[in-house]
Every structure is written in C-alpha cells, then in structure tokens.
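The lines below spell out each chain.
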Amino acid sequence: MTTVHHADATHWEIVIDQLACRTALGIYPHEREPQPVLIDAVLHYRQDGLLNDATPYLDYDRYCAVLCDYLERQPHTDLIEELLIDLLALSFRRFPQLDSAELTLFKPEAVKAARKVGVRVRWQRADFERWYAGQARRAITSPVAERLVAATA
C-alpha cells in the first residue's frame, strides 16, 4: 500500500495482485462452465483526518471477497469487457470511499500459447457516475420501464 500525504487528507493506493476466483466467462461452448480467473487491482481512496481517526478505510479483504462472491454467483457472461464494467460498477457502489480503480481480469486458460491473457480498464468515480446515469436513462426509456411507470402512475 502506497500513501501520499496532503494537508487535510491521506490518499491511499491499495494493490491487489492475482486474486484468484472462478466464473463462467467467454464465447466458446467450453467456457459456459466456471473457469479460473485472476484479478489485479489498483484502488485509490482518500481518508480525511489523522491516521488514528475512526474514518473508514477501504477494507481490502472485504473488497476481494465481494469480487469473488459476485464472480462465482453471476450467470455466464460472453465478454470479458462487459464483466469488467460490472466489477467496476459493483466496486463503486459497494465502496463509496473509492476515488478510482484499475482492474485487470485475466483468463489463464484462454490461450494455450500464453501464460494468461486479460483486459484492463480504469475508472474514476466520475466515470462510474456517468455510466450509472446512462443506465438509469436507458431504464427509463425502455418499453418495460415505460409499462412499469404507467402501471404505478
């Protein structure tokens, strides 16, 4: 964990290396069953106040458990990019102190000639908020949402 001190806050960087989970991911028929995946993460958050204050830290053990639990429970996903966005959205929803995150999701068994292949994405909290607003707009303009709004009016 790297720390950067400022006058009124401490900026923390948590590094997670090769978190091992299982999930059903990929476009090929054999990828419909859970397979091993690895996650590298760099998480940035700020803690206001002094180190001995009761201000909440980002609990990296809980963070890892939340990601693995989600991956193990989620239904099959075709695209690794889609699953990464789901993981980032989950991260920002469940950990409000998170300022930014970089996640890399590896599939060690995807390409026989490579030790592992993966996709990396970075989000700031503002990226999550834009994504979330877009999801809400799509839900509001969908036919299903329109029927729900009409039924409750």
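Here is what the cut-offs are and how they apply
- Residues numbered from 1 in each chain as written.
- Predicted model: local features only at pLDDT ≥ 70, side-chain atom pairs only at ≥ 80, totals over all residues.
- Heavy atoms only, no water.
- Disulfide = S-S within 2.5 Å.
- Helix = DSSP H or I, 4+ residues; strand = E, 2+ residues; numbered from the N terminus.
- Buried < 20%, exposed > 50% of the residue type's maximum accessible area, 1.4 Å probe, protein only.
- pLDDT = per-residue confidence, 0-100.
- Contact = heavy atoms within 4.5 Å.
- Patch = residues over 30% accessible without salt bridge, like charges linked within 9 Å, V, L, I, M, F, W, Y side chains within 5 Å.
- Areas by Shrake-Rupley, 256 points an atom, 1.4 Å probe, with all protein chains shown as cover.
- Salt bridge = Lys/Arg side-chain N within 4 Å of Asp/Glu carboxyl O.
- Polar contact = N/O pair within 3.5 Å; in protein donor to acceptor, adjacent residues only side chain to side chain.
- Phe/Tyr/Trp six-rings, centres within 6.5 Å; stacked < 30°, edge-to-face > 60°.
- Lys NZ or Arg CZ within 6 Å of the ring centre and 35° of its normal.
- Core = buried A, V, L, I, M, F, W, Y, C linked by side-chain atoms within 4.5 Å.

What follows covers the state of the cysteines. Tallying each qualifying case throughout the model produces one disulfide. With a sulfur-sulfur separation of 2.0 Å, cysteine 21 is cross-linked through a disulfide to cysteine 68. With the S-S dihedral at roughly -60°, the linkage between cysteine 21 and cysteine 68 falls on the left-handed side. Here cysteine 21 is found in strand E2 (residues 9-23), whereas its partner cysteine 68 is found in helix H1 (residues 60-73), with 47 residues between them in sequence. Of the two residues, cysteine 21 and cysteine 68, both sit in the buried class.

Low pLDDT marks stretches whose predicted atomic positions should not be read closely. Confidence in the prediction for the protein chain averages 84 pLDDT; 78% of positions are at 70 or higher. Low pLDDT (under 50) marks residues 144-153, which in the prediction has four contacts with non-local residues, meaning those over four places away or in another chain.

Quick look at a nonpolar patch on the surface now. Residues Ile27, Tyr28 and Leu79 make up a contiguous nonpolar surface patch of roughly 320 Å² in combined accessible area. Mapping leucine 79 onto the fold places it in the loop between H1 and helix H2 (80-94).

This part covers the side chain of threonine 77. By secondary structure assignment, the location of threonine 77 is in the loop between H1 and H2. At 2.6 Å, the side chain of threonine 77 forms a polar contact with the side chain of glutamine 74.

Turning to the pattern of salt bridges, a few remarks are in order. The tally for this structure, following the rule as stated, stands at seven salt bridges. Of the charged contacts, one joins aspartate 78 and arginine 32 as a salt bridge, the two residues approaching to 3.6 Å between their closest N and O atoms. One end of the pair, aspartate 78, is in the loop between H1 and H2; the other, arginine 32, is in the loop between E2 and strand E3 (35-48), and 46 residues separate them in sequence. When its relative accessible area of 38% is taken as the criterion, aspartate 78 is described as partly exposed. Under the relative-accessibility criterion, arginine 32 is labelled partly exposed at 43%. The closest approach of N and O atoms between aspartate 99 and arginine 46, which form a salt bridge, is 3.4 Å. One end of the pair, aspartate 99, is in strand E4 (residues 98-107); the other, arginine 46, is in strand E3, and 53 residues separate them in sequence.

By convention here, two paired aromatic rings are described through the distance between centres and the angle between planes. Counting across every chain of the model gives eight aromatic pairs. It is lysine 116 that lies over the ring of phenylalanine 106; its NZ or CZ is 4.3 Å from the centre.

Looking now at the nonpolar core. Core analysis: the largest hydrophobic core is formed by 34 residues, its most contacted members being Ile39 and Leu43. Other than its neighbours up to four places away in sequence, isoleucine 39 contacts Ile16, Asp17, Gln18, Leu19, Cys21, Leu67, Leu71, Leu87, Leu103, Thr104 and Leu105.

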